[in-house]
Each structure stands twice: as structure tokens, then as C-alpha cells.
Amino acid sequence: MAPTRPLAQPGRAALAAACSLSLLATGATVAVAGGAPDAAARAVPGGLAATASTTATTTSATTTGATPDRPNVLMITTDDMSADELRRMPHVQRLLVDRGATFSSAVAPTPLCVPARASLLTGQYAHNHGARGTSGPKGGVAALRDRRTLPVWLQRAGYDTLFAGKYLNGYGYSKTRGHGPRSVPPGWDEWHATVGVSTYDYTRPRVNHNGRVTAHRRYTTTLFGDLTTRLLTRPERTAKPWFMWTNFVAPHSGGPRDTADPRGLTRTPSPVRQDRRSFRGAKVPGKPSLFTAARGSRLPTAKDSPRWRNAMHELHRQRLQALQSVDRGVGKVVAGLRRTGQLDRTVIVFSSDNGYSKGYHRKDGKVLPWDEILRVPLVIAGPGVPHRTVRTTVTNPDLATTIATLTGARATVAQDGIDVWPLLRSRQRDRVVPIAAWRLADGRQRIYRGVRTDRWTYVRLAGGREELYDRRLDRFETENVAGTRRYAAALRQLRRLDQRYAACRGTACPRVRAAPGQDLVPGPRRG
């Protein structure tokens, strides 16, 4: 098997020419529900609650801020959102999907909140950035070396950097050394993060606003959607190019509890009141793997019952409901950028940290290497981005690498990710992605490791047992074929790829195969 080689990267001049194109040339408008900031928000230092008159009179006059080769970048992420839920967000569909590039094979190599978001900040796989679990010595915010992250690089490159929403697990607790409730991580000019356990309280979040903690009595998604709009429509945003990351907690589970919650069977989000009557009767989309364990698999499953199945359908409904406030927030932000003349100089990235299984393979949750869990929604819209579907596999480490390249920032750690910009106009190419997961409690004990390609998912479990799924012939991963004779050659090649890339770093990590239309690992002959 020939080694993979990276695609040629475009020069800065070519990138600048691409970025000179305008997003949303039609100037479509968006109608969204508004809402005045609460008293606590008005008291935040720095006057975040900008008045309507200030934002309304800001025009698209020539500025010294973002330029074609140094665009603004807005990254919006959700928490535990599955790829199939993207189509149920009408504003995101109309404003981003219909005018940008949708990546149909975007994956989270370690599908768990902390390692996935650490990859977004570093451009590295979890085995390199070290934040592999949600807590303990190798998990949570304390495991991230946050002086070597994307906002630090962007700040040095002359960008304003802004954050709003949920940060890494463990942030904002008094017991977390160096990351207490009033701490602000390096690299951020504006910092507005939920602290401690209030992160999962949808109605009463406590937020660190640039070092000052304020208790809000407001729906958290609406709060951060409005805050993002206010921050990005302030007059000073046109003075320098900016990067903003807004990370919504929806549709992650959280309180307060609702009477419809299937208690004891699953944990659900808490939709805002106006959305609780939507999606009545909606059920988890049916496919062969729904409520059915894969044949020959030893991956853990839930105990099946009619009550549990009904709970999965209720979970699905509440997740869609919770995402509607995110969707409205995206609409408000895009409208604000258009109103202030910044939209045609802003690249918008919409994604999630990891996916989620709502009963597929008899699993409720994340971490495991199923397609529904590894795959995440990813849309990029903005100057120079064509309207198309990109089918080449990309990862969340790629986003940090791409943003650094796009803005001219210099990464201070080896980049495992690739710049996805060349993929926007190229044919599908096969790519190997190393995948792995560790124990949530401390990030020390590995649960599995393996590789994913356009066709295959291969993992070796902690006890040594192997699982192999041919997603071209078995799209829904219903049968583990690792012990099947006709797959022996493919299994051997995938083992070698796993051994080669399990501890890769930087350019030693797999790149996109340059030849389109070819499998890195061929399948068995038919018949």
C-alpha cells in the first residue's frame, strides 16, 4: 500500500482571492424572536448590552478590520448534537447550509466533550493534547495546556478573540486549580463562560463575564445567542479582525426537569417553554441498527424494553426542541453581522463536539465508535466557500488547523489536523483517521483504539478483541466482520494502519490521499 500524501496547500494570494467573494449576495433577511437583556446582563462590565440604536446605525462603511486575507471567523458549536439533527434547524439550513459547504463525513476522533473541544482548540488528536477524559489527571480543563491553543495564536496574529458559552468540563469549580469561577484562560480578550454545575442549568446559569461572576435567570441558549450578537455588533468589532467561539450547551442533558422527562431511563435537555409543543409525535429516525445490537459486537449496550424505546423517542423530541433556540440564535447573529456590514468578511463554522446515539446499536450516549457517535454536523459558510457537499472525511482537529491557516496565525504545537480549505473544490478522497477513547473518569485507561476510513471502521478493544465494519456494504454497521475469512486481508491492512497512526504527531499523522476514487483498503471481491 502506497503511503498517503497531503494535498498541495493554496498560497496566501490564492486564499485571499477566494475570500474576496461575498457571502449571502441575496441579502436575505431573517425573522427571529427577540428579547431584551436581563438586569444582570446590563450590569456586566464593558456595557455588553449594547442599545438597539447603536447597532442599528452601524453601517458597512470601509473599515480597517477584517480583510480578504484576514477574515473574521465565527465558530458556533453545540454539545452532543448528532448529524441527523442538522436538517431540523431551519435558520441554519437557510443561512448556512444553503449558502455554504456541508461536510457529510465530519468526525470526532475521540467522541467525548473534553477531548473533542480540546482538539478544536489545539488542532491535535487526544493522544497528543492530553485531555482525554472528563476529569482526573488526564481529563477535564486542567489537563489542557491552554497557553498553546488557537486563541493565543490568533491574539498574537492581531485578532480580537471572544468566547461565550460552555468551556471544558471542570471549568469554574473552586476546587479546579487555576480554573476557578473567576479565572480567564490565556488568549481571550472577551470571556463569558458558564461556571461549575450551573453550566447544565438551562434556566439559571452563572457566567464569568471577564472575571466577574453574575447569576442570570434567563434561558442559557437565548442568553448566549443574544450576547454573541451584541458582542459582534459593537462598533469596535470593525477596528480589528476577530475570532469568536460560541459553544452552546444544547442539546446536552440538563435541568430543570420537565414532567415529560422519562426519569430513570435517560437524561434529557430542558427546552425553552415556547418550543415544548414542537415536534410532537417525532420519533428517532428508523434504520436497521435502531434498538438492535450489532451481531458479533462486544461493545456495551442498554437493556432493551418498550419503556426504554419510548424514552429514546422522547429524548429525540426534546433534543430537537432544545436545538430550536440555538437555531434562532444563529439567525440573530447572522442578521447582526449583515446589519453591521461584516457578513461578507466573516467565515462562519457550525459544528458539534461529538455526535450521539439515541438508541442506535442499543446505545444511549456517546464515546463508542458507532457512526452516529463519531460523525458530527459541520457547515462552513462565508467568503470563498462554494455551495456544495464535501464528502472527504474531516475531523475536529482540522478546524483549528484551518482557522490558523486562514487567518495567518502560527500554531505553536505540531498540527495533527489538515487545512480543509482545498477540499472545498476538490473531489472526494479517501483518508485514514485514528480514533480512540479513554475512560471518562480519569482519561488513563483506553477503551478502544483503531482507524476509520471512507469505507471501514476498525477498533481493537481494551481486552484485545477486534471489531470491523464495512460501511459500504453494511451502511448501518449491523455486523462485526472481524472474524470473517473473506475480510482477513482488509483486517490485516487496517491493523497496520492502526499501529502506524495510533501515536502519530503532526505531519506524521495521516493526510488526504491525493488520488480520488480509490480506497486505501480494498474490500473483498464479490461472490
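Undergrad: Hey, could you run me through helix α11 (residues 396-407) in this one?
TA: Because the α-helix completes a turn every 3.6 residues, residues three or four places apart line up on one side. Across its 12 residues, α11 extends 17 Å between first and last C-alpha, which sits within 8% of the 16 Å expected from 1.5 Å per residue. Counting buried positions along α11 yields 11 of 12 residues, so the element is predominantly enclosed. When we look at burial in α11, the residues that qualify are Asn396, Pro397, Asp398, Leu399, Ala400, Thr401, Thr402, Ile403, Ala404, Leu406 and Thr407. Looking at the residues trailing α11, positive phi occurs at glycine 408, about 80°.

Undergrad: Help me understand the state of the cysteines in this model?
TA: A disulfide bridge is the covalent bond that connects two cysteines by way of their sulfur atoms. All chains considered together, the criterion is met by 1 disulfide. The disulfide partner of cysteine 504 is cysteine 509, and the S-S distance across this bridge is 2.2 Å. Linking cysteine 504 and cysteine 509, the disulfide has an S-S dihedral of approximately 95° and is accordingly described as right-handed. The exposure classification of cysteine 504 matches that of cysteine 509, with both residues buried.

Undergrad: Sorry, what's going on with the packing of helix α8 (residues 220-232) against helix α9 (residues 306-339) here?
TA: Any two packed helices are characterised by how steeply their axes cross, that is the angle between the axes, and by the distance between the axes. It is at 9 Å that the axes of α8 and α9 come closest, and there the two elements cross at 10°. The orientation of α8 relative to α9 falls into the category roughly parallel. Residues Thr221, Thr222, Gly225, Asp226, Thr228, Thr229 and Leu232 of α8 lie in contact with α9, whose contacting residues are Ser325, Val326, Gly329, Lys332, Val333, Gly336 and Leu337. A per-class count over the contact of α8 with α9 returns 4 nonpolar, 8 polar and 2 charged.

Undergrad: I tried to follow the confidence of the model for the chain on my own but got confused; where do I start?
TA: Chain-level pLDDT for the chain is 89 on average; 87% of the residues reach the 70-or-more range. Predicted confidence for residues 1-63 stays below pLDDT 50, and this span has 124 contacts to residues more than four positions away or in other chains.

Undergrad: Before we go on, may I ask you to explain a positive patch on the surface in this structure?
TA: On the surface, a cluster of positive charge is contributed by Lys138, Arg145, Arg148, Arg444 and Arg505. Take arginine 145: it is sitting in the loop between α6 (126-129) and α7 (150-156). When its relative accessible area of 39% is taken as the criterion, arginine 145 is described as partly exposed.

Undergrad: Honestly, the side chain of glutamine 342 in this entry has me stumped. Any pointers?
TA: Within the secondary structure layout, glutamine 342 lies in the loop between α9 and β9 (346-352). From its side chain, glutamine 342 meets the backbone oxygen of leucine 232 in a polar contact 2.7 Å long. Not counting chain neighbours up to four residues away, the residues in contact with glutamine 342 comprise Asn72, Leu232, Thr233, Arg237, Thr238, Trp242 and Leu337.

Undergrad: So what exactly am I meant to see when it comes to unusual backbone geometry here?
TA: Glycine aside, residues mostly have negative phi, and peptide bonds are mostly found in the trans state. Alanine 250 connects to proline 251 through a cis peptide bond whose omega is 0°. In the segment running from glycine 255 into proline 256, the intervening peptide bond is cis, with an omega of 5°. Its location among the elements puts proline 256 in the loop between β8 (242-247) and α9. Backbone geometry places arginine 362, a non-glycine residue, at a positive phi of 55°. With respect to the secondary-structure elements, arginine 362 resides in the loop between β10 (357-358) and β11 (364-365). Positive phi, normally seen in glycine, also occurs at valine 367, with a value near 80°. Tracing the sequence through the fold places valine 367 in the loop between β11 and α10 (371-374). What makes valine 367 buried here is its relative accessible area of 11%.

Undergrad: What am I meant to see in the packing of aromatic side chains here?
TA: Describing an aromatic ring pair means giving the distance of the ring centres and the angle of the ring planes. In this structure the tally under the stated criterion is 13 aromatic pairs. Arranged with centres 5.8 Å apart and planes meeting at 70°, the rings of phenylalanine 291 and tryptophan 308 form a pair that is edge-to-face. One end of the pair, phenylalanine 291, is in the loop between β8 and α9; the other, tryptophan 308, is in helix α9, with 17 residues separating them in the sequence. For tryptophan 308, a relative accessible area of 4% puts it in the buried group. Here a set of aromatic residues connected by ring pairs shows up, and it is made of Phe163, Tyr167, Tyr171, Trp188, Trp191, Phe243 and Trp245. Positioned over the ring face of tyrosine 360 is lysine 287, at 4.3 Å from the centre of the ring. Lying over the aromatic face of tyrosine 356, arginine 319 brings its terminal NZ or CZ to 4.5 Å of the ring centre.

Undergrad: Before we go on, may I ask you to explain the sheet that holds strand β6 (residues 206-209) in this structure?
TA: One key point about sheets: their strands pair by backbone hydrogen bonds, in either a parallel or an antiparallel sense. Spatially, the 10 strands line up as an open sheet ordered β7-β6-β5-β4-β8-β1-β9-β12-β2-β13, and their pairing is mixed. Looking at the sheet topology across the chains shown, the edges are occupied by β7 (212-215) and β13 (388-390). Adjacent strand axes in the sheet meet at a mean angle of 15° when their direction is disregarded. Relative to β9, strand β1 (residues 72-78) runs parallel, the two being bridged by 7 bridges. In the strand pairing of β9, methionine 75 is matched with valine 349. Along the sheet face, α11 touches β1, β8, β9 and β12 (378-381) and points at about 165° away from the line of β1.

Undergrad: Explain α9 here, please?
TA: Taking 1.5 Å of rise per residue, 34 residues should cover 50 Å, and α9 covers 50 Å from first to last C-alpha, within 8% of that figure. Most of α9 sits out of view: 28 of its 34 residues are buried. In the segment just after α9, glycine 341 is the residue with positive phi, at about 75°.

Undergrad: I would appreciate a short explanation of the nonpolar core in the present structure.
TA: Here is a general trend for soluble globular proteins: nonpolar side chains tend to be buried in one another's company. Of all hydrophobic cores here, the largest spans 49 residues; its most connected members are Phe103, Tyr167, Leu168, Phe243, Trp245, Leu378 and Ile380. In contact with isoleucine 380, not counting residues within four places along its chain, are Gly100, Ala101, Phe103, Val347, Ile348, Val349, Val385 and Val420.

Undergrad: How should the pattern of salt bridges be read in this particular structure?
TA: Two side chains that carry opposite charge are able to pair once their charged atoms sit near each other. Here the structure, examined in full by the defined rule, presents 30 salt bridges. For aspartate 275, the salt bridge is made with arginine 328, and the minimal N-O distance between the two is 2.8 Å. Remark: arginine 328 occurs in helix α9 and aspartate 275 occurs in the loop between β8 and α9; sequence separation between them is 53 residues. Residues glutamate 372 and lysine 287 are paired through a salt bridge, measuring 3.0 Å at the closest nitrogen-oxygen approach. With glutamate 372 in helix α10 and lysine 287 in the loop between β8 and α9, the pair connects residues that are 85 residues apart, well separated along the chain. Each member of the salt-bridge network shares a partner with another, and the members are Asp79, Arg117, Lys166 and Asp353.

Undergrad: In this structure, what is going on with the pairing of β12? I would like to understand it.
TA: A regular strand places its side chains on the two faces of the sheet in alternate fashion. Side-chain alternation along β12 places Leu378 and Ile380 on one buried face and Val379 and Ala381 on a second face that is also buried. Pairing between strand β2 (residues 101-103) and β12: 2 bridges, direction antiparallel. The partner of threonine 102 across the bridge, within β12, is valine 379. Looking at chain direction, β9 and β12 are connected through 4 bridges and run antiparallel. Residue serine 351 lies in a different strand from β12, and its bridge partner there is leucine 378.

Parameters and conventions
Within each chain, residues carry numbers counting from 1 in the order of the written sequence. Local features are withheld for residues below a pLDDT of 70 in this predicted model, meaning they are given only at 70 or higher, and side-chain atom pairs are given and counted only at 80 or more; totals for whole chains, interfaces and linings count all residues. Excluding hydrogens and water, the side-chain figures rest on all heavy atoms present in the structure. The helix count covers DSSP runs of H or I at least four residues long, the strand count covers runs of E at least two residues long, and both are numbered beginning at the N terminus. Expected span of a helix, by definition, is 1.5 Å for each gap between consecutive residues, and there is one gap fewer than residues. Note on exposure labels: buried denotes an accessible area under 20% of the residue type's maximum, exposed denotes more than 50%, and partly exposed covers the range between, all computed with a 1.4 Å probe on protein chains only. When the sulfur atoms of two cysteines come within 2.5 Å, that pair is taken as a disulfide. Only C-alpha atoms enter the line fits that serve as axes; for helices the fit covers just the stretch in contact. Angles between N-to-C directions range over 0 to 180 degrees. Orientation is classified from the angle alone, with under 35 degrees giving roughly parallel, over 145 giving roughly antiparallel, 65 to 115 giving roughly perpendicular, and any other angle giving oblique. Contacts are assigned to residue pairs with any non-hydrogen atoms lying within 4.5 Å of each other. Charged residues are taken to be Asp, Glu, Lys and Arg, nonpolar residues to be Ala, Val, Leu, Ile, Met, Phe, Trp, Tyr, Cys and Pro, and polar residues to be all remaining types, Gly included. Values of pLDDT, the confidence the predictor places in each residue, fall between 0 and 100. Exposure above 30% relative accessible area and the lack of any salt bridge qualify a residue for a patch; like charges then connect within 9 Å, and the nonpolar side chains Val, Leu, Ile, Met, Phe, Trp and Tyr within 5 Å. All accessible areas in this document rest on Shrake-Rupley with a 1.4 Å probe, and a residue is counted as covered only by the protein chains that are shown. Here, a salt bridge means any side-chain nitrogen of Lys or Arg that lies within 4 Å of a carboxyl oxygen of Asp or Glu. Here Asp and Glu are counted as negative and Lys and Arg as positive; His is not counted, and neither are the chain ends. Positions of charges follow a simple convention, taking NZ of Lys, CZ of Arg, CG of Asp or CD of Glu. Nitrogen and oxygen atoms within 3.5 Å of one another constitute a polar contact, given that in protein one can donate a hydrogen and the other can accept it, and given that sequence-neighbouring residues count only through two side-chain atoms. Planes of paired rings set the category: under 30 degrees apart is stacked, over 60 is edge-to-face and the rest tilted, where pairs are Phe, Tyr or Trp rings (Trp by its six-membered ring) whose centres lie within 6.5 Å. Two limits define a charge over a ring: the Lys NZ or Arg CZ must be within 6 Å of the ring centre, and within 35 degrees of the ring normal. When DSSP finds at least two bridges between two strands, those strands are taken to pair. For our purposes a nonpolar core is just a set of buried Ala, Val, Leu, Ile, Met, Phe, Trp, Tyr and Cys residues, chained together by side-chain atoms within 4.5 Å.

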